[in-house]
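Here are the chains, one letter per residue:
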Amino acid sequence: MHHTYIELSRGALTHNISKIRKLLPPNTKFAAIVKSNAYGHGMLQIASIAVDAGADVLGVNSLEEALILRQSFPETTILIMGEIPNMEKYATFLEDKNLQIIVSRYEEVAFLAGLGTIRPEIHLKVDTGMGRLGTSGETTLRLIESLRHDGLPLEGIVTHFASTEDNVEYSYSMLQLQKFREVIDYANSLGYRNLNRHCAASASCLLFPEARMDMVRIGISLYGLWPSQETKFSFDYTSYPDFSLLPVLHWKTEIVHLQVVPAKSYIGYGSTYRTSYPTRIAVIPVGYFEGLDRRLSNQGYVLLHGERARIVGRVCMNMAMVDVTHIEGVSLGDEVVLLGDSGEDSIPAEFHAGVTGTINYDVVTRLHPTMTRVITE
């Protein structure tokens, strides 16, 4: 019996893919980004639903993630977006025509090109203003020249926007897009044609039609979450009135202990909460190990029988305490919702993010991978 588990809605994820696809040109491919355990949702479970729903590509950060996926999806195209240190050690695994590998350096291109007739697609990363992977400016142009001079192949070219989701003013994103187009034109002029051009993650895909190009890389919005309130605000001014995203994840647990404590009792480590009336305390088997942020102590709440119940005292490593005095009929084993809907109320990831000073990405990605994930319809 799993006291704490995550439900994943097949219907919600399929809905999100369908809605985003309707924004895309007919030939633009959909890369479902399932890196980092599918943003905490469960990589294999989400990948299975996404492939069934028509995703063309599965995107991961590392070779290790790609190898896990490959066992279950032998023919699916997998995009590796992060660095592969000591690439030479993994030559056998990289001899895979259904891999797309993003690279930043000449040496990486040369190594992958030398794998022989069975090799991955090579996608060159261009740094247009993120300041992370790739090269920029004249360095990029000289790199492409060197690749062409030595007869090395390129199948794709890629960049990443730095701040689309943080603003409602997009001049920096437009500057990045202009730089990317200039590099594409230069690569074309040297003979690298029919490149797989991709730059749009969730926010830029939603907001910039011109950035959708040949493929989009959809991460946070795949899971029914908006990249930011700024993105949602800007999108609301576009001409897609029927667009919606549905959260895929419900995080649930159950009550494992109940007791009534007198008024003026202290609850939890550090005695940070003191009751002011006889209080019925429910204990749930979830703490910061499982992903319930300690900063929700005395500030967060859960849903029980469709009603809000406040977290009291400090969130422990594997437990938290909840005041259920005001809720009738509470019993051991009753379902408790940590994220998601109960009755007419809900706790979105954005609530946890607002209380703890972070973003919804962080809230869901930190959910512990050992918790059971169950696919529901």
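That block above? That's the structure.
The sections below set out a description of the structure shown in this document. (Residues numbered from 1 in each chain as written. Predicted model: local features only at pLDDT ≥ 70, side-chain atom pairs only at ≥ 80, totals over all residues. Heavy atoms only, no water.)

### As for the pairing of strand E10 (residues 249-254)
Within E10, six of the six residues are buried, which leaves it mostly tucked inside the rest of the structure. Relative to strand E18 (residues 335-342), E10 runs antiparallel, the two being bridged by four bridges. Opposite Trp 251, over in E18, you have Leu 339 as the bridge partner. (Buried < 20%, exposed > 50% of the residue type's maximum accessible area, 1.4 Å probe, protein only. Helix = DSSP H or I, 4+ residues; strand = E, 2+ residues; numbered from the N terminus. Pairing = 2+ DSSP bridges.)

### Here we look at unusual backbone geometry
Among all residues save glycine, negative phi is the norm, and among peptide bonds the norm is trans. Positive phi values are uncommon outside glycine, yet Tyr 39 reaches one of about 55 degrees. Using a relative accessible area of 10% as the deciding quantity, one classes Tyr 39 as buried.

### Considering the nonpolar core
Counting 114 residues, the largest nonpolar core has Leu 94 and Trp 251 as its most contacted members. Here Leu 94 is in contact with Leu 63, Ile 84, Met 87, Leu 99, Ile 101, Phe 111, Leu 112, Leu 115, Arg 119 and Pro 120, once residues within four sequence places are set aside. Listed in part, the eight residues of the second largest apolar core include Tyr 273, Ile 281, Val 312 and Cys 316. (Core = buried A, V, L, I, M, F, W, Y, C linked by side-chain atoms within 4.5 Å. Contact = heavy atoms within 4.5 Å.)

### Examining the environment of His 123
Relative to the assigned elements, His 123 resides in strand E6 (residues 121-125). Residue His 123 is classed as buried on the basis of its relative accessible area, which comes to 0%. As for His 123 and Val 158, which are separated by 35 residues in sequence, their C-alpha atoms are 6.6 Å apart. Those residues in contact with His 123 that lie beyond four places of it in its chain are Gln 100, Ile 101, Ile 102, Val 103, Glu 155, Gly 156, Val 158, Asn 196 and His 198. A distance of 2.9 Å separates polar atoms of two side chains, one belonging to His 123 and the other to Glu 121. (Polar contact = N/O pair within 3.5 Å; in protein donor to acceptor, adjacent residues only side chain to side chain.)

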